Amino acid sequence: MQVHKSISDNELIERITSGEEDLFEEIINRYQGAVATTTMNMLCDAEDSAEVGQQVFIQVYRSLARFRKQSSLKTYITRIAINHCINFLKRRKNFFGRSYELNKARNVRIKSEANQFEYKELLNQAFQNLDDKHRSVIVLRMIQGYSTIETAEILDVPKGTVLSRLARGMDKLKIILEEELKYEHQ
Amino acid sequence: MNTNKKEHNLAEMQYTYSSNIGKEVMLQIKKQKELYLPNTNWLLTRVAASILLCLALIYIQDGSISYDTIIGIELLYSSNTNEILNYL
């Protein structure tokens, strides 16, 4: 696989679609970090993230021949990952209800209290309390580092919606974090 | 902890999967392909067997295989057309 690291994404896609299917592993290795970051921050659960991550790559493999190269492969894969996460969250909420995510958030808190309290875990916990639409914008814009236009393309919403969701999401995040930190200091 | 650091900390919320994710996904893809392929083979084998069986039956019945025997007008050619016209 080392040899394939110098091959461009477009060449990889052409070779995979023309029969060299094993090269798809190189695409997984290149973008597993982007998918893991998206799914883990959206779902806040390692097992769910791994499950959805596999589904995402299988979906990417199936739809690779239809990829029109209008955006980068990373953007295309992230779009599939976000859509899978949103669908997964809908199913999880329908099945377990909203309380599931809040309980999960408390579990993160309990785990982290047992060890050294880390800010990353606190943020992870705070994400659980955000709506999917705010969470997805923050994950793409602030964590993945996509531009506002790219985020709008991925989520298929206008640029203004991204900006307003980002502002509202960051405000909510700030309030949640401040409450959590007050609770921590009590 | 200062909440103003949150933007900087957000950028650090990066994760990765275990190193064998690529192999696991490739295994899943191969398994799914194997699930679909036998179904296609199963269908094609049965369609081919049905066609062969039909051809064998036609050969047994008519003694030869031609376009006419397959569509069933061999008997019409061999019989007396006048008899058919009288019957009508």
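Predicted model, so just to flag it, every value in this text is computed and none were measured.

Trainee: Any chance you could explain the overall build of chain B here in plain terms?
Mentor: Looking only at helices and strands, chain B features five helices and zero strands. Each of the 88 residues in chain B was classed as buried or not, and the buried ones make up 7%.

Trainee: Help me understand the overall build of chain A in this model?
Mentor: Counting secondary structure elements, chain A contains nine helices and zero strands. Going from the N terminus to the C terminus, chain A shows its helices and strands as α-α-α-α-α-α-α-α-α.

Trainee: How should I be thinking about the environment of A:Gln144 in this particular structure?
Mentor: All names here are of chain A. Relative to the assigned elements, Gln-144 resides in the loop between α7 (132-143) and α8 (148-155). Each C-alpha atom, one on Gln-144 and one on Thr-38, is 7.6 Å from the other, the two residues being 106 residues apart in sequence. Not counting chain neighbours up to four residues away, the residues in contact with Gln-144 comprise Ala-34, Thr-37, Thr-38, Thr-78 and Val-139.

Trainee: Sorry if this is basic, but what is going on with the packing of helix α2 (residues 24-43) of chain A against α7(A) here?
Mentor: When two helices pack together, their arrangement is given by the angle between the helix axes and the distance between those axes. Residues and elements named next belong to chain A. At their nearest, the axes of α2 and α7 sit 10 Å apart, and the two run at 145° to each other. As for how α2 packs across α7, the hand of that crossing is right-handed. Contacts between α2 and α7 involve Thr-37, Thr-38, Asn-41 and Met-42 on the former and, on the latter, Arg-135, Ser-136, Val-139 and Ile-143.

Trainee: How do you make sense of the environment of A:Ile154 when you look at a structure like this?
Mentor: All names here are of chain A. Within the secondary structure, Ile-154 sits in helix α8. Taking the C-beta count within 10 Å as the criterion, Ile-154 has 25 such neighbours and is therefore assigned buried. As for Ile-154 and Ile-82, which are separated by 72 residues in sequence, their C-alpha atoms are 8.1 Å apart.

Trainee: Could you clarify how one ought to interpret α8(A) in this entry?
Mentor: Along an α-helix, residues three or four apart share an orientation, since each turn contains 3.6 residues. For α8(A), the set of buried residues is A:Glu150, A:Thr151, A:Ala152, A:Ile154 and A:Leu155. Two residues or fewer past α8(A), A:Asp156 is found with a positive phi of approximately 60°.

Trainee: What is the right way to read the nonpolar core from this model?
Mentor: A general trend in soluble globular proteins is that nonpolar side chains are found buried together. Ranked by size, the top nonpolar core spans 44 residues in total, and within it A:Ile28, A:Ile77, A:Ala126 and A:Ile138 carry the most contacts. Counting residues per element, the ones that place at least two in this core are α2, α3 (46-63), α4 (73-96), α6 (119-128), α7, α8 and α9 (159-185) of chain A together with α2 (21-62) of chain B. When residues in this core are grouped by element, the largest group, nine residues, is from α2(A). Residue assignment places this core across two domains, with domain 1 (1-96) and domain 2 (97-186) of chain A each supplying three or more. Excluding residues within four positions of it along the chain, A:Ala126 makes contact with A:Leu173, A:Ile176, A:Leu177 and A:Glu180.

Trainee: How should I be thinking about the confidence of the model for chain A in this particular structure?
Mentor: Detail in the predicted coordinates should be disregarded across regions flagged by low pLDDT. The pLDDT averaged across chain A works out to 83; a share of 84% of its residues lies at or above 70. Contacts from residues 105-117 of chain A, a stretch scored under 50 in pLDDT, to residues over four places away or in other chains number 11 contacts.

Trainee: Which parts of the structure should I look at to understand the interface of chain B and chain A?
Mentor: Frequently, the measure chosen for interface size is the accessible area removed from exposure when the parts meet. At the interface, 20 residues of chain B touch 27 residues of chain A. The greatest single-element share of the side of chain B that touches chain A, amounting to seven residues, is contributed by α2(B). Across the side of chain B that touches chain A, the residue classes break down as 10 nonpolar, six polar and four charged.

Trainee: Quick question: what am I supposed to make of unusual backbone geometry here?
Mentor: With glycine set apart, most residues show a phi of negative sign, and most peptide bonds adopt trans. All names here are of chain A. In the Ramachandran plot, Lys-69 falls in the positive-phi region, its phi being about 65° despite a non-glycine side chain. Within the secondary structure, Lys-69 sits in the loop between α3 and α4. The backbone of Asp-156 sits at a positive phi, close to 60°, despite the residue not being glycine. Position of Asp-156 relative to the elements: it lies in the loop between α8 and α9. For Asp-156, a count of 10 C-beta atoms within 10 Å gives the class exposed.

Cut-off values and rules
- Residues numbered from 1 in each chain as written.
- Chains lettered and ligands numbered in written order.
- Predicted model: local features only at pLDDT ≥ 70, side-chain atom pairs only at ≥ 80, totals over all residues.
- Helix = DSSP H or I, 4+ residues; strand = E, 2+ residues; numbered from the N terminus.
- Buried ≥ 20, exposed ≤ 12 C-beta atoms within 10 Å, placed from the backbone.
- Contact = placed C-beta atoms within 7 Å.
- Axes fitted to C-alpha atoms, helices over the stretch in contact; angles between N-to-C directions.
- Left-handed = near helix turned anticlockwise from the far one by under 90°.
- Core = buried A, V, L, I, M, F, W, Y, C linked by C-beta atoms within 7 Å.
- Domains from an automatic or database assignment.
- pLDDT = per-residue confidence, 0-100.
- Nonpolar A, V, L, I, M, F, W, Y, C, P; charged D, E, K, R; others polar.

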